[in-house]
Amino acid sequence: MTPPVLVVAAALVDDLAAPGALLAARRSAPVSLAGRWEFPGGKVEPGEAPEAAVHREIREELGVEVELGGELAGPDDGAWWLTDRYVMRLWLARITEGEPRPLVEHDALRWLPRGQWLTVPWLDADVRIVTALAAATDKARTGSHTV
């Protein structure tokens, strides 16, 4: 069995301690995914640390620098299976420099206010991640858990 390809992504939020808004990116390619929303990110290059890959991917895709917060561990050995070939790790992140723009693979960005994070058509594999992120950040906002 071929090992899965590791993908990293950022849940870009306005505040790492108490997220009130989440940035969603709308895919423009490939055609099968166009018009659906996702977390920005991409594949980890050989020899690259996952955290370094997040920084690189966000620079390439959105043209911004970020500060990473906690990782949202998934139920699949700490990660999130996206397909039978791809597994994703996701970190909360806050923009520290620049204004996000859809530079690569996206044609629109949208800040979604808390309570409206599921109001766009996310990629199927991302829906459970958005749901888990909302639950985890709700706990963080009430002081009972941190992400």
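Residues numbered from 1 in each chain as written. Predicted model: local features only at pLDDT ≥ 70, side-chain atom pairs only at ≥ 80, totals over all residues. Heavy atoms only, no water.

For the protein, an unreviewed UniProt entry supplies the name 8-oxo-dGTP diphosphatase and the organism Cellulomonas hominis. The annotation that UniProt attaches to the protein under Sequence similarities (unreviewed entry) is "Belongs to the Nudix hydrolase family." Of the protein, the UniProt comment under Catalytic activity (unreviewed entry) reads exactly: "8-oxo-dGTP + H2O = 8-oxo-dGMP + diphosphate + H(+)". (UniProt positions renumbered as here; feature names shortened; annotations may be inferred.)

Would you mind showing me how to read the overall build of the protein here?
A count of helices and strands for the protein gives two helices and eight strands. Tracing the protein from N to C terminus, the helices and strands come up as β-β-β-β-α-β-β-β-β-α. Taking 15 Å as the expected radius of gyration for a compact globule of 147 residues, we find that the protein reaches 14 Å, a close match to that expectation. Reported as C-alpha extents along the three principal axes, the dimensions of the protein are approximately 40 × 30 × 30 Å. Split into buried and exposed, the 147 residues of the protein put 39% on the buried side. Here the analysis covers contacts within the protein between residues at least 6 apart in sequence; of these, 69% occur between residues at least 24 apart. Accessible area for the protein stands at about 7,400 Å²; split by element, carbon and sulfur atoms hold 53% of it. (Helix = DSSP H or I, 4+ residues; strand = E, 2+ residues; numbered from the N terminus. Rg over C-alpha atoms; globule rule 2.2 N^0.38 Å. Buried < 20%, exposed > 50% of the residue type's maximum accessible area, 1.4 Å probe, protein only. Contact = heavy atoms within 4.5 Å. Areas by Shrake-Rupley, 256 points an atom, 1.4 Å probe, with all protein chains shown as cover.)

Would you take a moment to explain helix α1 (residues 50–62) for this structure?
Side chains of residues three or four places apart in an α-helix project in the same direction, reflecting 3.6 residues per turn. Taking 1.5 Å of rise per residue, 13 residues should cover 18 Å, and α1 covers 18 Å from first to last C-alpha, within 8% of that figure. Buried residues of α1: P50, A53, V54, R56, E57, I58, E61 and L62, and no others. Turning to α1, the residues buried within the fold contact β1 (5–12), β2 (21–27), β4 (41–43), β5 (65–71), β7 (86–97) and β8 (106–113). In the segment just after α1, G63 is the residue with positive phi, at about 70 degrees. (Expected span 1.5 Å × (residues − 1).)

Please clarify how the packing of aromatic side chains should be interpreted in this entry.
Scanning the model with the defined rule gives one aromatic pair in all. Their ring planes at 35 degrees and their centres at 5.1 Å tell us that F39 and W122 sit as a pair that is tilted. Here W122 lies in the loop between β8 and α2 (124–142) and F39 lies in the loop between β3 (37–38) and β4, a separation of 83 residues in the sequence. Taking the ring centre of W117 as reference, the NZ or CZ of R114 above it sits at 4.7 Å. (Phe/Tyr/Trp six-rings, centres within 6.5 Å; stacked < 30°, edge-to-face > 60°. Lys NZ or Arg CZ within 6 Å of the ring centre and 35° of its normal.)

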